[in-house]
Structures are given as C-alpha cells and as structure tokens.
Protein chains: 2
Amino acid sequence: MVDSGAFERNLSTMAAVRPGTTLRPHVKAHKSTSLAAHQAARGHATFTCATPREVVGMAEAGVGTDLLLANETVDPVRLAAMAHAESATGAMVTVAIDSVETLDAARVAGIRHVLVDVNVGLPRCGIAPDRTADLAARAADAGLVVRGVMGYEGHLMAVKDRNDQRAKVLASMTTLVDCAHAVRRVVGDDASIVSAGGTGTFDLYDPVHSILGQINEVQAGSYALMDTHYGALSLPFEQALFVVGTVISRTIGSSEGSPSWAVVDIGLKSLGMDHGNPTIDGASVWFCSDEHTTFSPDDGAPVPHVGDRVFVRPAHVDPTVAMHTAMHVVDDARAGSDARVIEVWPVDLRGW
Amino acid sequence: MVDSGAFERNLSTMAAVRPGTTLRPHVKAHKSTSLAAHQAARGHATFTCATPREVVGMAEAGVGTDLLLANETVDPVRLAAMAHAESATGAMVTVAIDSVETLDAARVAGIRHVLVDVNVGLPRCGIAPDRTADLAARAADAGLVVRGVMGYEGHLMAVKDRNDQRAKVLASMTTLVDCAHAVRRVVGDDASIVSAGGTGTFDLYDPVHSILGQINEVQAGSYALMDTHYGALSLPFEQALFVVGTVISRTIGSSEGSPSWAVVDIGLKSLGMDHGNPTIDGASVWFCSDEHTTFSPDDGAPVPHVGDRVFVRPAHVDPTVAMHTAMHVVDDARAGSDARVIEVWPVDLRGW
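Residues numbered from 1 in each chain as written. Chains lettered and ligands numbered in written order. Predicted model: local features only at pLDDT ≥ 70, side-chain atom pairs only at ≥ 80, totals over all residues. Heavy atoms only, no water.

## Digging into the side chain of Arg124 of chain A
Note the threshold: Only DSSP runs of H or I covering at least 4 residues are called helices, and only runs of E covering at least 2 are called strands; the numbering of each starts at the N terminus. Relative accessibility decides the category of a residue: with a 1.4 Å probe and only protein chains considered, values under 20% of the type maximum give buried, values over 50% give exposed, and everything between is partly exposed. Positive charges are assigned to Lys and Arg, negative charges to Asp and Glu, while His and the chain termini are left out of the count. Think of a salt bridge as a Lys or Arg side-chain nitrogen and an Asp or Glu carboxyl oxygen that are within 4 Å of each other. Two residues qualify as a contact provided that any one of their heavy atoms is within 4.5 Å of a heavy atom in the partner residue.
Position of Arg124 of chain A relative to the elements: it lies in the loop between β5 (113-117) and α6 (132-141). One buried charge, Arg124 of chain A, has no salt-bridge partner; the nearest side chain with opposite charge is Asp117 of chain A, at 7.0 Å. Excluding residues within four positions of it along the chain, Arg124 of chain A makes contact with Tyr152 of chain A together with Ser249, Thr251, Trp261, Val263, Phe287, Ser289, His292 and Thr294 of chain B.

Below you can see the structure in the form of structure tokens.
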C-alpha cells in the first residue's frame, strides 16, 4: 500500500533539490512503470535501472527517454534485448561497463552507448580509477559512444553524521570527477555524464562546489517510497509504503505477567529482511516466519483482534516491493482501513 | 538449480523414516507442484500448505488427495476458493483453526474439514492447550468435521544438541497428545490426526514411544532441497538447491596486501536473507546488494573471471524459492557449467 500524500510530497521534495535530468530516478526501488510515470511527470526523463528487464520494461512502456543500466552484464540475450528495445522504441539505452569483457559483450550484442563504471570506494563493481580512461578509449575505438562515468558511493549512504558523510562523499567524488576529466581527454567532451549517489546523499552535490557541482545526475530510488532503514537517517522523505496484513491469531496471557501477542499474515515472503525486522507502529515485533509476524502492543495497549488490519513498515523497500505483484495507492493511509484505493500500480519490472 | 541426485537421496532418506502419510510434506519450502509430484511418487499423498494459493494450486494440479492449510486465515475469498477447490477436484481440504473467528470464517466460506492448531510453545498461532477441546466442540456443533490437532514446535527445529532437542520436543508433544485425547473425548475418535514437526525434528517421533509414537504425521518441507541453516545441523539431508549466477565484475588488488574480489549477479532479490548471507564454496561472502554478492576466494585461490558461473547456497530455502519463477533440475551439480538440465519445475504456487 502506498500513501498518496507522502509519495507526492517525497517527489516534490526531491524535484526541488534535483530537478529534471539532475536526478536519474532508480527504478530498482519500485520496479513499476506506473510509479516511474509519476516521476516522469515531475520532469525526470532519465532513469536508472539495475536489471535488463527494468530497462526493457521501461522502454516498452514508453516511460523515460534515456535509460541507464547502472550495472554490468555479459548476458548476450539480455544485452541484445536492451539493444532491440532501443531501436524499437527510440528510448536511448546506455549500459555500464567496467571491464573489457563487459565492453565486448555490450558491443557484440549491439549496444551503442556506454558509461564507464568507476570504483569510488564500495567494494563491488567499477573499474579501478587509474584504468578508467583506458577502458573508455577501448570503448570508443570499438565504435561505442562513451557518455561519461558513474560511480556509486553506496558505502556512504547511511553515514549518520552529515559532516562526516559530506567529507567522505567529497573524497569519493573527487576520484570520480578526476576520472570524468581523464575520460573526456581521450574520447572528447561529449562524455559529459558524471552520475553518482543515492537517496542518502541526494542533497550533498552542491551545484556551486568546484568538485561536487560536477556531479550532474543523482541515482536515487528509495526516496519515493522510503523504508525504516533510510527513515532512521535525517532525510526529508516520508514513509509512503506499507505492507498491509490481517491479524490471524492472538494469544492473551492467562495470568498477570504472562505474555500476550498477535500474529499478522505478513512474513519473510512479503518483506525484504536484509535490514532486519519490519516495524509496526505502537508495537514490538518479536520475529517473522515465512507467512507471519508475531508482535505485541507497547505499553499495555490492547492486543488487536483477529481480522484487524495491521500496517507493517518494511526495513528495506527494494526487495520488499520485488516480492509483490502490485501496489495499491490510497488517498490517506492515516485513515487505516477506511483509506480509499485511488490507483493500482502493477510491479511490472520484476525478474531479470 | 536443483541437483537431481541430492534431491532424490533426500526424498529416499525421508520416505524410509516417515513413509506414506506419516509424512505430510510442506509445500511452502518449494511452492512447486512439479516437485510435489515427485514427493507424491514416493508415496506421500497428503500435503501441508502455508497459503490458500498453495492449497488451490495443489488441488488444481491434482497432486495430493488430502491438503492441509496449516495456517489460519479469515479471508472470505480465499477460504471460499479452497472450499471450491475441494468440491471441484475431489482433493480433501482441511484448514487449521485456533479461534472462534477462524472457525466462523471457515464455516461461512464452506470449508468442511478443520484441524485445531494448538500452541505447543512457539509464540505464534495456536490456541492455548486448555481451550483446545472447547474449540473442537464448537466446530463440531457448527457442522464441521474435526480431523484432529496440529502443533508446530518451530522453536525447537534448530536446537543443536539432539538429546536436549528430544527432551524439549517430548514436552511439547506431551501437550499436543493430551489435547488430541481431549478433542477425541468431545468429538469422537475419528479426530485421529496428530500433526507436528518439521525437517529439524523429523526422526524424533519414535513410533514405539508412548507419547512420540502418537504423532502420526510430520510436516517437513525443507528436507527436499535444504539450505545452509538446516545444513548446519547434523541432518542426513544434502544441499540440493543452488542459485546460479554469473561473475559480472572482478577487482584484483593492485599491490601486495590490497584486496581482490569478484561480484556475482545474485543478490537480495534472489535470496531469502532472514538467516543471513548465502554461502559460496571455497570463498568468503562479503555482503549482498540488491543484485550483487561480493565475495573473495579463500586461501589465495584465483579470483573467478567475468563470465564464470558461481553456485550460491541460500541460507533459507523457503523465501529464496519464492523469489524465482522456475527451478532447473540438473543431472549432476558437481559438473558445474557442464551440468545438463533434465527437468524444469515451475514455481507455480507463489503469491497468496
């Protein structure tokens, strides 16, 4: 369930700070072309994807004119599907490369545009900074259009002290900007993209800062729906996503001091669990099972009854949404069971 | 990917200890009617389900003649769908109840058979033992057929010391057996089912033991495919399930002592994470992202190359399988990339 008001406010807040193409919204956080269409309506025409399926689905839905696979793949079938989506729909498709292998796989499959993915400190994908220009030169020699660089400082998204975070982001982005200039020296100034960041750092790329101002697009996704993990930071975005369950069992302690609890039919198969247990307002979550969450109300509040609806806040939005087939947008989540469904967004970009 | 040999050996091992209806295989662990058909071929005609969708899907596929929803629901649409599945297919459908509300919802929807779910120590669903007979009497008065009792001692599945586990299971099952007799006294001896347990306790219900011998069916599911969580116990079942990924990036430390790692395209959206990180043989898993797992080979072994296949062992099989649309059965997983796909099992019982 998506609270319409919180969602719209999140989109407004972000668009004010990162308007137009200075934000490249990440669709991995919601996997829904319907939700992405709302982001496009706010002026964002460029999108970030984590899977070929997300790229192809966005292109086929006609949402976004410039789609980036901010991830590596050597899968010839999926690369060819993305290349085909570009020629069939006119949406520009760009894929990240960080090695000769990913470059060659993209070229052979008919991909035309690439971004060089640079390791800016997160031990995951991304080429070593000192090899970036060489890979860009190889890509250009192979006939690919090198659009610039990206570097995801994912290890800095949840740094709680903002000054500490800003200093670390500046160090990472100094590396990325250096790489951007090195790439331009070898393939030309059209390689203008310098793409980075996420929800946790969205407002740190001060446009007038000599380095940070050169980050010309931010790949934020979670800001639209949020979760309790990002919610623990001091970000100006509201929790807009809930998994709504029904109480299926309750146990009332038979004597003073013996425990009481309720069970809601939301569990490990409806919640991304890598950031830990979900949250229920006014209650303590005990544990989750495949199809259950056991919880007890705080401070002696009454235990919900069988049949009562419970709003569960996931700890991590991206894997949670990926477990569901649709999001139901309501006018006002605070109305509880009286909330009215005003839109249904299929989660149509699941799979790979 | 499922290793055929390990899977078949797991089924043989289980069927030798719990033959026929003494096992009620739990389909929540695999959500596949094709896999369940293999269990049925081993002589198990009764199945356990966690969701109405699993019950309806099994009935429609004609797998199993006796399907138990070992879970509570008050959803009138889903209850009616299960009642309809029974009349349309002839498979007997039984649902667990643990309250007047779940009893009433089942009756109103046309459900004919129920099992009273008893709390045997896991703080989740299940009625208090001293109220079991009363609920059974109410169900019988309402015209429902009470088939017996169930009680899931899920809190005892992973007790590592087997003697300690046996003692605790005996205590829980003493409660359940007492309830079974109380129920028979009020509704008659046809209420013969005493259903409990899981993979972690499958062999503890000694048929000649005065109490444990009265547990006449075990609800085990994970034994068929296994995971690293259950694999850490001393159970005679083998890991048969892997998520197969492809290396999409590698970083080789530029100097002595600087780290090297590889990234495989399996992450939080392909792995149940509630039991922690997955495992890769011969390697250390660093962390998982939405679509990535970063890892490094142990003991100076070479870092895999981009394009190499990697077998990832999930920590928890149930939520992992629920993220995928199909399982590919291979003749011999040890053959690595040369393994031959001999069967494809759709994961056709996803959703609710």
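## A closer look at the domain arrangement of chain A
The extent of an interface is frequently quoted as the accessible surface area lost upon association of the parts. Residue and element names in this part refer to chain A. Threshold: Domain delimitation follows an automatic or database domain assignment. Here the buried area means the combined drop in accessible surface, using a 1.4 Å probe, for two parts upon being joined, counting both sides. Identification of polar contacts relies on pairs of N or O atoms within 3.5 Å, with a donor-acceptor requirement for protein atoms, meaning one able to donate a hydrogen and the other able to accept it, and with residues adjacent in sequence counted only if both atoms are side-chain atoms. Gly falls in the polar group here, along with every residue not listed as nonpolar (Ala, Val, Leu, Ile, Met, Phe, Trp, Tyr, Cys, Pro) or charged (Asp, Glu, Lys, Arg).
Assigned domains of chain A: these are domain 1 (2-225) and domain 2 (243-346). If you look at the interface, domain 1 gives 15 residues, while domain 2 gives 16 residues. Both sides of the domain 1 and domain 2 interface together cover about 1200 Å² of buried area, and 58% of this is carbon and sulfur. Three residues stand out in domain 1 for area buried against domain 2, namely Val2, Asp3 and Ser4, and they jointly supply 36% of the buried area on that side. Among the ionic pairs, Lys28 bridges to Asp318, the shortest N-O distance being 3.0 Å. Taken together, domain 1 and domain 2 are joined by seven residue pairs in polar contact (both at pLDDT 80 or more). Elements with a contribution of two residues or more to the side of domain 1 that touches domain 2: β1 (2-3), α1 (4-17) and α2 (33-41). For the side of domain 1 that touches domain 2, the per-class residue count stands at five nonpolar, seven polar and three charged.

## Points about the packing of aromatic side chains
Selection rule: Between rings of Phe, Tyr and Trp, where Trp is taken as its six-membered ring, a pair exists when centres lie within 6.5 Å; planes separated by under 30 degrees are stacked, by over 60 edge-to-face, and by other angles tilted.
Going through the model one piece at a time under the given rule, you end up with ten aromatic pairs over all chains. Taken together, a centroid distance of 5.6 Å and an interplanar angle of 50° make the contact between Trp261 of chain B and Trp286 of chain B tilted. Of this pair, Trp261 of chain B sits in strand β10 (residues 261-264) while Trp286 of chain B sits in strand β11 (residues 283-289), and the two are 25 residues apart along the sequence. Here Trp261 of chain B falls in the buried class, since its relative accessible area comes to 7%. Its relative accessible area of 33% is what places Trp286 of chain B among the partly exposed residues. Here the aromatic cluster, defined as three or more aromatic residues joined through ring pairs, consists of Phe202, Tyr223 and Phe237 of chain A.

## With respect to unusual backbone geometry
All names here are of chain B. Even without being glycine, Lys31 reaches a positive phi, approximately 50°. Of note, Lys31 is situated in the loop between α1 (4-17) and α2 (33-41). Even without being glycine, Asp299 reaches a positive phi, approximately 55°. Examined against the element boundaries, Asp299 turns out to sit in the loop between β12 (292-297) and β13 (309-312).

## Remarks on the layout of surface pockets
The rolling of a water-molecule-sized probe over the atoms marks out the regions of remaining empty space. Worth spelling out the cut-off: With a 1 Å grid laid over protein atoms only, a set of points is called a cavity when a 1.4 Å probe fits there but cannot get out and a pocket when it is open yet has protein on both sides within 12 Å along at least five of seven lines; lining residues have an atom within 4 Å of a point. Grid points are joined across faces, edges and corners, and a volume is the space filled by probe spheres set on the points.
Reported here for the second largest pocket is a volume of approximately 1200 Å³. In terms of lining, the second largest pocket is formed by 40 residues, of which the most central are Val244, Gly245, Ile266 and Arg309 of chain A together with Arg78 of chain B. Only β9 (243-251), β13 (309-312), α9 (317-321) and β14 (326-330) of chain A together with α4 (76-89) of chain B provide two or more residues apiece to the lining of the second largest pocket. A class-by-class count of the residues in the lining of the second largest pocket yields 21 nonpolar, 13 polar and six charged.

## Some remarks on the relation of the copies chain A and chain B
Cut-off, in case you're wondering: Least squares is the method for superposing the copies, and the C-alpha atoms it fits come from residues with pLDDT of at least 70 in both.
Each copy of the sequence occupies a distinct position, and chain A is placed on chain B by a rotation of 180° and an axial shift of 0.0 Å, giving an RMSD of 0.0 Å. Between the two chains, the operation in question is that of a two-fold axis. Across chain A, the rotation axis passes nearest the C-alpha of Met273 of chain A, at a separation of 2.8 Å. When the interface residues of chain A are mapped onto chain B, 100% of them are again interface residues, pointing to one common binding face.

## Here's the deal with helix α4 (residues 76-89) of chain A
Residue and element names in this part refer to chain A. Spelled out, the test is: To estimate how far a helix should reach, multiply one less than its number of residues by 1.5 Å. Directions from the helix axis toward the C-beta atoms define the arc.
In a regular helix each residue adds 1.5 Å, so 14 residues correspond to 20 Å; α4 covers 20 Å between its end C-alpha atoms and thus fits that length. Listing the buried residues of α4 in full gives Leu79, Met82, Ala83, Ala85 and Glu86. For α4, the angular spread of buried residues about the axis comes to 150°, placing them on one side. When the buried face of α4 is taken as reference, the exposed residues oriented beyond 90 degrees from it are Pro76, Val77, His84, Ser87 and Ala88. Check the buried side of α4 and you find it contacts α3 (52-61), β3 (66-69), β4 (92-97), α5 (100-109) and β5. For α4, the N-terminal cap is Asp75; the gap from its side-chain oxygen to the backbone nitrogen of Val77 is 2.9 Å. Two residues or fewer past α4, Gly90 is found with a positive phi of approximately 85°.

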